[in-house]
Structures are given as structure tokens and as C-alpha cells.
Amino acid sequence: MYDQAENLRLLKSKAEKGFKEPEVITITSGKGGVGKSNTSVNLALALGELGKKVLLVDVDIGLGNTDLLLGVYPKYNLFDYFINNIHLSDLIFPVNENIDLLAGGSALSDEEMLEKINHDTLRTDLQRIMGYDYILFDTGAGINKNVTYFALSADQVILVTTPEPTAITDAYALLKTLYGKKKNIIINILVNRAANFSEGEYIANKLIKVAQNFLSSTPNFLGFITDDKHVQQAVKLQKPYINLYSQCTASRDVRRIANKILGKQGNKERKGFFNLFRLFK
Ligand SMILES: Nc1ncnc2c1ncn2[C@@H]1O[C@H](COP(=O)(O)OP(=O)(O)OP(=O)(O)O)[C@@H](O)[C@H]1O
Ligand SMILES: [Mg+2]
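First, a word on scope: everything that follows refers to the structure included in this document. Because the structure is a prediction, the values reported are computed rather than measured.

Basis of the calculations
Residues numbered from 1 in each chain as written. Chains lettered and ligands numbered in written order. Predicted model: local features only at pLDDT ≥ 70, side-chain atom pairs only at ≥ 80, totals over all residues. Heavy atoms only, no water. Buried < 20%, exposed > 50% of the residue type's maximum accessible area, 1.4 Å probe, protein only. Helix = DSSP H or I, 4+ residues; strand = E, 2+ residues; numbered from the N terminus. Pairing = 2+ DSSP bridges. Near = heavy atom within 4 Å. Polar contact = N/O pair within 3.5 Å; in protein donor to acceptor, adjacent residues only side chain to side chain. Areas by Shrake-Rupley, 256 points an atom, 1.4 Å probe, with all protein chains shown as cover. Salt bridge = Lys/Arg side-chain N within 4 Å of Asp/Glu carboxyl O. Phe/Tyr/Trp six-rings, centres within 6.5 Å; stacked < 30°, edge-to-face > 60°. Axes fitted to C-alpha atoms, helices over the stretch in contact; angles between N-to-C directions. Left-handed = near helix turned anticlockwise from the far one by under 90°. Contact = heavy atoms within 4.5 Å. Nonpolar A, V, L, I, M, F, W, Y, C, P; charged D, E, K, R; others polar.

1. A word on the pairing of strand β5 (residues 134–141)
Item 1. Most of β5 is tucked away, with 7 of its 8 residues classed as buried.
Item 2. By the bridge criterion, 5 bridges tie strand β2 (residues 54–58) to β5 in an arrangement that is parallel. Along β5, the bridge assignment pairs L55 with I135.

2. Description of the site of ligand 1
Item 1. With respect to spatial proximity, 18 residues lie near ligand 1, and among them G33, K36, S37, N38 and N192 are the closest.
Item 2. A distance of 2.9 Å separates a nitrogen atom of ligand 1 from a polar atom in the side chain of N192.
Item 3. Measuring from a nitrogen atom of ligand 1, one finds a side-chain N or O atom of D227 at 3.2 Å.
Item 4. Coverage of ligand 1 by the protein amounts to 82% of the 640 Å² it exposes when considered alone.
Item 5. Only α2 (36–49), β7 (187–194), β8 (220–226) and α11 (229–236) provide two or more residues apiece to the shell around ligand 1.

3. Brief notes about the pattern of salt bridges
Item 1. Under the definition given, this model contains 5 salt bridges.
Item 2. R255 is the salt-bridge partner of E49, the closest N and O atoms lying 2.7 Å from each other. On the criterion of sequence distance, the pair formed by E49 in helix α2 and R255 in helix α13 (residues 249–264) is long-range, its members being 206 residues apart.
Item 3. You can call R255 buried: its relative accessible area is 17%.
Item 4. Residue R123 pairs with D120 through a salt bridge whose shortest N-O separation is 3.9 Å. Placement of both R123 and D120 in helix α7 (residues 119–127) is noted, with a separation of 3 residues, approximately one turn of the helix.

4. Thoughts on the pairing of strand β1 (residues 23–29)
Item 1. Extensive coverage of β1 is indicated by the burial of 7 of its 7 residues.
Item 2. The alternating pattern of β1 places E23, I25, I27 and S29 on one face and V24, T26 and T28 on the opposite face, and all of these are buried.
Item 3. Pairing between β1 and β5: 6 bridges, direction parallel. Bridge pairing in β5 links I27 to D138.
Item 4. By the bridge criterion, 4 bridges tie β1 to strand β6 (residues 156–161) in an arrangement that is parallel. Pairing of I25 across the sheet is with Q156, part of β6.

5. A word on the packing of aromatic side chains
Each aromatic ring pair is characterised by the separation of its centres together with the angle its planes make.
Item 1. The full count for this structure, using the stated rule, is 5 aromatic pairs.
Item 2. Note on F137 and F150: the rings are 4.6 Å apart at their centroids and 45° apart in plane angle, and the pair reads as tilted. Of the two residues, F137 sits in strand β5 while F150 sits in helix α8 (residues 145–153), which places them 13 residues apart along the sequence. The pair formed by F137 and F150 is uniform in burial state, with each residue classed as buried.
Item 3. For the pair F197 and F224, a centre-to-centre distance of 6.0 Å together with 75° between the ring planes defines the contact as edge-to-face. With F197 in helix α10 (residues 197–215) and F224 in strand β8, the pair connects residues that are 27 residues apart, well separated along the chain.

6. Re the packing of α7 against α8
Item 1. The N-to-C vectors of α7 and α8 enclose an angle of 35°; their axes lie 12 Å apart at closest approach. Considering only the axes of α7 and α8, their crossing is right-handed. Along the contact surface, α7 presents H119, D120, L122 and R123, while α8 presents N146, Y149 and F150.
Item 2. Partitioned by chemical class, the residues of the contact of α7 with α8 number 3 nonpolar, 2 polar and 2 charged.

Set out below in C-alpha cells:
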């Protein structure tokens, strides 16, 4: 670990060299298994196709599986960073020219892991490895300290749900928690496994209306990804669907979402993760 003064010097020198601040996006959900990790991996690759540099961080530290979905075998994961003091830069695994991965995954339960991880240290160390356009955090499911930390500190949140009532109810519970903790948080709803655009829009609007009525807040509708059997096939083969089935419906959907995210970039002031960095701009 580096001391704070050294860290500040490094940030200042990066700022002078024109390093840009990455947009930090946290991908999360209320219910498990709704497609966060597949979305994170394929969205990262789609942003990479558009020439953006992306760091994908698997902060589902207990059960992370983005490495499996990418079919890569990094030597270290965040467990080694938090527990074995491996330097963060040694964890970075290049997936392709534009995408790097910080893998999650450990043998510890969520509670054990939560006790051991130090979010502030991670944030400080991430500040040292800038040069990315985007940092994507793929979280585990549910409402816990880890998920809320990464959601609340991001520039924007992608809240993934499926059209299933249980997933929608759990998505609402997470909306309630997040808006309760940070009124102005930017939350974008992504409906995964939708039959088509109309279903995606219908489900998102349901959530938007309840949020407006009961939480006086308005999440955005980011888009939908079709329920596509190519996704399951790609998972079995441990290859991202956007690479394996480049023109399948889900691949086209995730590219549309990447384009939408790109279109939004630069429209707002960043408020989140790297506040400190901005002080030196
Ligand atoms: N668009 C889709 N079309 C069809 N099947 C999908 C789609 N998205 C996800 N799935 C299926 O859902 C499974 C779970 O996806 P994924 O692992 O991405 O979910 P998750 O939200 O990250 O789960 P966890 O909460 O355990 O982290 C996939 O293995 C795949 O079988
Ligand atoms: Mg996952």
C-alpha cells in the first residue's frame, strides 16, 4: 500500500498528463441469477468494440464468475488482493486490447468476505491505475453492504431485472434502499430476458411508476436484452455471446445499450467514485 501523500502526488501527475476520469458504472440487481454478470461481460466487450478502454471489476467477491464467462484464467483475484496483499496492478488481466479484468471469486462466504474487504483501500488503489474510459463493477445480488457501497459510489447504476414478478419485486426493494440512502443516485433499469422491446419497456415502466409514486424518484429505462438461447449456449462454452454469436439478438441488444451509454457520456458532471481526483484537474 502507498501512503496518502504519494497517492495524491501520483493523482496530480496523472491529471497533469491529461489522464481522464473514468465513468464508473455499477451493475446490480435485487434478485440473483437475472443476468448481471453476462450483461457486465458483454457490455464491457461491446464498449471495447466501440474503442473504449474498460476495466471490468468482479466485486461479487465471494462468488464471482466473470472470468469463467470470459473463458480466461487470471492468476490472482480480489481475494488475493484483500487477503494476501497482492498488489492491484498484478491482478489486472488483459482480456483483449481494450478490456482488462479484475477477477472476483474466493472460497469465503459473503459474511466472511465482507469482514475482510476494505472498500476505501480498493478505491484508492483503483485511482492509481487510470487510463480507462469506463470501470464496470459487477456485483452480487441482494441488498448488502458490498452491493450498496458500489452502487452508491458509482456515477450511475444499471439495475438488472427480468420480467419475472419476483425479480421485479426485488428490484423495487433495491431501488427503495438506494434512493433511501442517496436521493440523487442515477439508476438505469435494464430488463434482461425480455421477449421484445414492448415487454422490456412495460416492465421498466412498472418499476418507474412505483418508484415515482412511493419513492418520489424516477429511474431511467436503459433498454432490454432479449431472452436468447445463444446466451445459455455461450455460457456453457465459456465464451461471451457477443464474441461467439456476434449477430445473435442478445449481441445486437447489448451493442444498442453500449451505444446508448456512450451517447450519454459527457452530459453530466461526474460525482461519484473518484471525487478526490477531480480536485487536481
Ligand atoms: N438474455 C438472456 N437470455 C437467455 N438466458 C439468459 C440471458 N441472460 C442470462 N441468462 C441465463 O441466466 C443465467 C444467469 O446469468 P448471470 O450469471 O449473468 O446472472 P447473475 O445475475 O450474474 O447471477 P448472480 O446473481 O448469481 O451473480 C445464465 O447462465 C444464462 O443461463
Ligand atoms: Mg453474477
